[in-house]
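Take a look at the letters that make up each chain.
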Amino acid sequence: VIVEGYFDAIALSNVGVKNVVASMGTALPPEQMQIAAEMGKVPGGRIVLCMDGDEAGQNAVARLASSSSVLSKSSEINLNELYVATLPDEIKDPSDFMDYAGAGNKA
């Protein structure tokens, strides 16, 4: 799971998500995506993007999904299944979602 910020990564880790990393912003350079692809090279390997629900996070997902993105240029990345997790409208980021979903002080 790739999230934007380290608080998001910590919150998900605290509730049991084992493979989570923060991109530290909405820019996902080819190097980060390549590393994620290498880590996902297992049967059923997948990359899950869970960016913040704000405009910047939504734009980041749109950039990655465009035909000119790093995803379309790397055969290694395309060996993985890519998912985009979206948040409810009233939730700003994955950390807040943990509170919303009832994880409370675990997150």
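Quick caveat, the model's predicted, so the values are computed rather than measured.

## Some remarks on the sheet that holds strand β1 (residues 2–3)
1) Next: As summarised here, the arrangement of the 4 strands in space is β2-β1-β3-β4, forming an open sheet in which the pairing is parallel. With partners counted over all chains shown, the strands left at the sheet margins are β2 (21–22) and β4 (81–84), one partner each.

## Overview of the layout of surface pockets
1) Next: By volume, the second largest pocket amounts to about 160 Å³.
2) Next: Forming the walls of the second largest pocket are 13 residues, and the residues nearest its centre are D52, G53, Q58, T86 and L87.
3) Next: With 3 residues, helix α3 (residues 55–65) is the single largest residue contributor to the lining of the second largest pocket.
4) Next: Along the lines of polarity and charge, the residues of the lining of the second largest pocket split into 7 nonpolar, 4 polar and 2 charged.

## A closer look at the confidence of the model for the protein chain
1) Next: Across the protein chain, the average pLDDT comes to 82, with 79% of residues at or above 70.
2) Next: Predicted confidence in the protein chain is weakest over helix α2 (residues 30–39), with a mean pLDDT of 78, and strongest over helix α1 (residues 6–14), with 94.

## Some details on the side chain of E4
1) Next: One can find E4 in the loop between β1 and α1.
2) Next: Summary of buried charges: E4 has no salt-bridge partner, and the nearest side chain of opposite charge, R63, is 8.3 Å away.
3) Next: At 2.8 Å, the side chain of E4 forms a polar contact with the backbone nitrogen of D52.
4) Next: When residues no more than four places from it in sequence are discounted, the contact partners of E4 are A22, S23, M24, G25, T26, C50, M51, D52, D54 and G57.

## Thoughts on α2
1) Next: Taken as a whole, α2 has its buried residues at M33, A36 and A37. In an axial view of α2, the angular spread of the buried residues amounts to 100°, which keeps them on one side of the axis. Facing away from the buried side of α2 by over 90 degrees, the exposed positions are E31 and M39.
2) Next: Packing partners of the buried residues in α2 comprise β1 and β3 (46–50).

Conventions we followed
For every chain, the first residue of the written sequence is number 1, and numbering continues from 1 onward in sequence order. Totals for whole chains, interfaces and linings use every residue, but because this is a predicted model, local features are given only for residues with pLDDT of at least 70 and side-chain atom pairs only at 80 or more, for both listing and counting. As a rule here, side-chain values come from all non-hydrogen atoms in the structure, and water together with hydrogens is ignored. Only strands joined by at least two bridges in the DSSP assignment are considered to pair. A run of H or I in DSSP becomes a helix once it reaches four residues, and a run of E becomes a strand once it reaches two; helices and strands are each numbered from the N terminus. Every definition here rests on a 1 Å grid over the protein atoms only: cavities are sets of points where a 1.4 Å probe fits but cannot get out, pockets are open sets enclosed by protein on both sides within 12 Å along at least five of seven lines, and lining residues have some atom within 4 Å of a point. Grid points are joined across faces, edges and corners, and a volume is the space filled by probe spheres set on the points. Gly is put with the polar residues, along with every residue not named as nonpolar or charged; the nonpolar set is Ala, Val, Leu, Ile, Met, Phe, Trp, Tyr, Cys and Pro, and the charged set is Asp, Glu, Lys and Arg. Across the chain, each position has a pLDDT score giving the predictor's confidence in that residue, from 0 to 100. Partly exposed residues are those whose accessible area sits between 20% and 50% of the maximum for their type, while under 20% is buried and over 50% is exposed, using a 1.4 Å probe and protein chains only. A residue counts as positive if it is Lys or Arg and as negative if it is Asp or Glu; His and the chain ends are not included. Each salt bridge in this description consists of a side-chain nitrogen of Lys or Arg and a carboxyl oxygen of Asp or Glu lying within 4 Å of one another. We call two N or O atoms a polar contact when they sit within 3.5 Å, provided that within protein one can donate a hydrogen and the other can accept it, with sequence-adjacent residues counted only if both atoms are side-chain atoms. Whether two residues are in contact is decided by their heavy atoms, any of which lying within 4.5 Å being enough. Here the arc refers to the directions that run from the helix axis out to each C-beta atom.

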